[in-house]
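Reading the structure
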Amino acid sequence: MCGIVGYTGKQSAQDVLLAGLKHMEYRGYDSAGIALVANDELVTYKKAGKLNNLQQVLANENVPLSNCGIGHTRWATHGAPNDLNAHPHLDEANKIAIIHNGIIENFAQLRTELTANGVKLQSETDTEVVAHLLAAELKNSELDLVAAMRLVCRRLSGAFTLVAISAANPNLIVGARRNSPLVVGLGDGENFLASDVSAFIAYTKNALELGQDQVVEITRDSVKVTDFSGNEVAPKPFTVTWDAAAAEKGGFELFMLKEIADQPKAISDTLLGRINDSQIQLTELAELKSALISAEHILILACGTALHAGLIAKYAFETWTQIPTSVEFASEFRYRDPVIAANTLCIVISQSGETMDTLMALRHAKAGGAKVVAVCNTQVATIARESDAVLYTHAGPEIAVASTKAFLTQIVALYLIGWQIATLKGHKSGSETAQFVTELSALPAAVDLVLDTVEDVRNLARELAEKQSVLFIGRGVGYGVALEGALKLKELAYMHAEGFPAGELKHGPIALVEDQLLIIVIVPSPTQQQILHEKIISNIQEVRARGGLILAIAVEDDHIIDEFANFVVRVPHLNALLQPIASVIPLQVFACEMATARGHDVDQPRNLAKSVTVE
Ligand code: AGP
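Quantities reported herein were computed from a predicted structural model and do not represent experimental measurements. Once a new chain begins, its residue numbering starts again from 1 and follows that chain's sequence as written. At least 70 in pLDDT is required for a residue's local features to be given in this predicted model, at least 80 for side-chain atom pairs to be given and counted, and no such filter applies to totals for whole chains, interfaces and linings, which use all residues. With hydrogens and water stripped out, all remaining heavy atoms of the structure feed into the side-chain values.

Strands are treated as partners if at least two bridges between them are detected by DSSP. Counting from the N terminus, the helices are the DSSP runs of H or I reaching at least four residues and the strands are the DSSP runs of E reaching at least two. With respect to topology, eight strands assemble into an open sheet ordered S3-S2-S4-S1-S10-S9-S11-S14, the strand pairing being antiparallel. The sheet is open, and its two edges are formed by strand S3 (41-48) and strand S14 (236-239), each paired on a single side. Taken over all neighbouring pairs, the strand axes of this sheet differ in orientation by 20° on average, direction set aside. Bridge count between strand S1 (residues 3-8) and strand S10 (residues 191-194): four bridges; the pairing is antiparallel. Opposite Tyr-7, over in S10, you have Phe-192 as the bridge partner. The sheet strands contacting helix H1 (residues 13-24) are S1, strand S2 (31-38), strand S4 (68-74) and S10, and the helix crosses S1 at an angle near 155°. Contacts are residue-level and defined by heavy atoms, with any inter-residue pair within 4.5 Å sufficient. Axis geometry follows a simple rule: fit a line to the C-alpha atoms, using only the stretch in contact for helices, then measure angles between N-to-C directions, giving values from 0 to 180 degrees. Running over the sheet, helix H2 (residues 51-59) touches S2 and S3 and is turned about 130° from S3.

Direction vectors running N to C along H1 and H2 enclose 165°, while the axes themselves pass 11 Å from each other. The angle between the axes of H1 and H2 places the two elements in the roughly antiparallel class. Our pair here, H1 against H2, has a crossing hand that is left-handed. On H2, the residues touching Gln-14, Leu-18, Leu-21 and Lys-22 of H1 are Leu-51, Leu-54, Gln-55 and Leu-58. When grouped by side-chain class, the residues that make up the contact of H1 with H2 number five nonpolar, two polar and one charged. Should an angle fall under 35 degrees it is called roughly parallel, over 145 degrees roughly antiparallel, and 65 to 115 degrees roughly perpendicular, with every other angle called oblique. Left-handed describes a crossing whose near helix is turned anticlockwise from the far helix through less than a right angle; right-handed describes the clockwise counterpart. By the convention adopted, Pro, Cys, Tyr, Trp, Phe, Met, Ile, Leu, Val and Ala count as nonpolar, Lys, Arg, Asp and Glu as charged, and the other residues, Gly among them, as polar.

Turning our attention to empty space enclosed by the protein. In this analysis a 1.4 Å probe is tested at points of a 1 Å grid over the protein atoms alone, and where it fits but cannot get out there is a cavity; an open set with protein on both sides within 12 Å along at least five of seven lines is a pocket; lining residues have an atom within 4 Å of a point. Grid points are joined across faces, edges and corners, and a volume is the space filled by probe spheres set on the points. Inspection of every chain in the model, using the stated rule, returns four cavities of 30 Å³ or more. Quantified by volume, the largest cavity comes out at close to 230 Å³. What lines the largest cavity is a set of 26 residues, among which Arg-27, Ser-195, Asp-196, Ser-352 and Thr-378 lie closest to the centre. The residue makeup of the lining of the largest cavity, split by class, is 12 nonpolar, eight polar and six charged. Note that the domain bounds were set by an automatic or database domain assignment. Each of domain 1 (3-246) and domain 2 (250-441) contributes no fewer than three residues to the lining of the largest cavity.

Attention now moves to the sheet that holds strand S13 (residues 223-227). Within a sheet, adjacent strands bond to each other through the backbone by hydrogen bonds, running parallel or antiparallel. With respect to topology, six strands assemble into an open sheet ordered S5-S6-S7-S8-S12-S13, the strand pairing being antiparallel. Looking at strand neighbours, the two that pair on one side only are strand S5 (89-90) and S13, the edges of this open sheet. Taken together, the two bridges between S5 and strand S6 (residues 96-104) define a ladder with antiparallel strand orientation. When the bridges of S6 are listed, His-89 appears paired with Ile-98.

That bond from His-87 to Pro-88 is cis: its omega, 0°, falls within 30 degrees of zero. You can see Pro-88 is positioned in the loop between S4 and S5. Positive phi, normally seen in glycine, also occurs at Asn-343, with a value near 60°. If you trace the backbone, Asn-343 turns up in the loop between helix H10 (330-333) and strand S19 (344-350). Here the phi dihedral of Gln-516 falls at roughly 70°; this positive angle occurs in a residue that is not glycine. Summary of the burial criterion: residues with accessible area below 20% of their type's maximum are buried, those above 50% are exposed, and those between are partly exposed, where the area comes from a 1.4 Å probe applied to protein chains only. On the basis of relative accessibility, which here comes to 38%, the residue Gln-516 falls in the partly exposed class.

A few words now on the packing of aromatic side chains. Ring pairs are drawn from Phe, Tyr and Trp, using the six-membered ring of Trp, whenever the two centres fall within 6.5 Å, and their geometry is named by plane angle: stacked under 30 degrees, edge-to-face over 60, tilted for the rest. Evaluation of the coordinates by the stated rule reveals eight aromatic pairs. A ring pair is formed by Tyr-7 and Phe-192, whose centres lie 5.2 Å apart and whose planes are at 50°; its orientation type is tilted. Of this pair, Tyr-7 sits in strand S1 while Phe-192 sits in strand S10, and the two are 185 residues apart along the sequence. Pair check on accessibility: Tyr-7 and Phe-192 agree, each one buried. Ring plane angle 15° and centroid distance 5.3 Å describe the contact between Phe-192 and Tyr-203, whose orientation is recorded as stacked. In this pair, Phe-192 sits in strand S10 while Tyr-203 sits in the loop between S10 and strand S11 (206-209), placing the two residues 11 residues apart along the sequence. Ring pairing ties together the aromatic residues Tyr-7, Phe-192, Phe-200 and Tyr-203, which thus form one cluster. We call a charge positioned over a ring when the NZ of a Lys or the CZ of an Arg lies within 6 Å of the ring centre and within 35 degrees of the ring normal. Here the guanidinium or amino end of Lys-50 rests over the ring plane of Tyr-29, the centre of that ring lying 5.1 Å away. Sitting over the ring of Tyr-494, Arg-606 keeps its end group 3.9 Å from the ring centre.

This is the structure we're talking about:
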């Protein structure tokens, strides 16, 4: 939440910052702002709304040339999303500019203290206190901006990434982090700070990972990292594997459409290097081998779409490993008294690897003795770093706020883990694995086939665009797909949409059914899951008897469904546990088109941010 970028080097800082913010706008788009050091002064430009608004302001200003500055795109927490609350924030003398991601939990107390000392705060944000606290520390002439930042950070509680510049140091940027992300990009005669690598991959793939409670100071030629007490620490270098082009729209109208189309490749990339000689090899889990073998409980923690991937994987885990598996909302987990039994293997799932709810749940599970495996998409994210092992989904950068390719690759990665555990426990033979590997390897081609139907689904969505409410029902793994379809529709089309296990309808939700209400049904295969298929046909009948309109997502050879559905979208017939990989795609496209038809911003839906780094 909130995107941060800092640049010092030889290029125009304004250009680099705006390009970086464009790539990080998915983190928040309530306002955007930049501060530049020019002629020993700070100049600041900020504007409520999307980055475009700021760009228009800048186009009408005589912006001084600067090679050092900071930029911010905001997801509002404290204070309305207006110009005043936009970052950067300044001290009273306009000599220090600060940007922030996270929440400073003790800001009210700090604000009272500053006000008592005569400081006049300009905004309603928690961030602004930091600018004034830095200024207060810098009144002590012995201190520089870095030392002041360390002292201030020690007074803050909560989660923060802070990045500051000062008029007195035209080439220096100081950053600090606790529980929020910050990475360093290493260029030639230029250096970068950013919330994530997408802000600088166009310039460099060489990066440094920062640890918890660290302060970094960058100039165009140097990088130094210390802890909050000033002890120097060696940051961990890494090479960014994402391609700069992958963070562009590549000819598509929307990032979401591009990311839907990316799915076959995302799945192949996630399987790449993990299958050898028809067997699954997850070297990433090698060190956890004994924990996997002795696992007696599997606990999956995640939020939103990632949680739905976990709900689907639960069916596979229990079928293959015979280990009881529970799936929990990460946001709820640590606020009750969860029993973490001995030999619990915890699996946390997060595209961004920075979701605060998931991170906190991970820490709680770890403290309770669980071994933790992360399924993440973003390199060196906090969740990946704090887990005992990480299996990366190689989906590439996912920019649209609504998750698509990350979801499919999460299911694939989870299935690899589940199968690996089943194999280690002696439940799967080499020939069964070879058969499963064949099915996994066929997934990209199957997804390609689903993508051939995109235009039909878009047409259908346009036809149904006037609907106000949609119910989604499914059984077994289809339930997770139903939840995901409903979430996509809510977040993109701002419609009432709810997912239910099909059998639950009659226990209450069927009261919602009235003439022409649209019900999207994830239909199990009539051959592989005959009983479930029969049951869902009954559920469809119950709905139709009350005037409901049925849109069925059914496998290609299900001819029974034609008689019972008003609309049918066909998907390739896969192994029942793999079926969600195909069935969810029409729902992604449907939601995307519904939102477009209603005139909404698909890539940046209202009130949301891609990476939710507050609890
Ligand atoms: C789904 O489309 C979402 N934008 C959201 O539910 C997301 O999946 C959730 O916030 C978890 O994010 P993470 O995978 O980065 O942890």
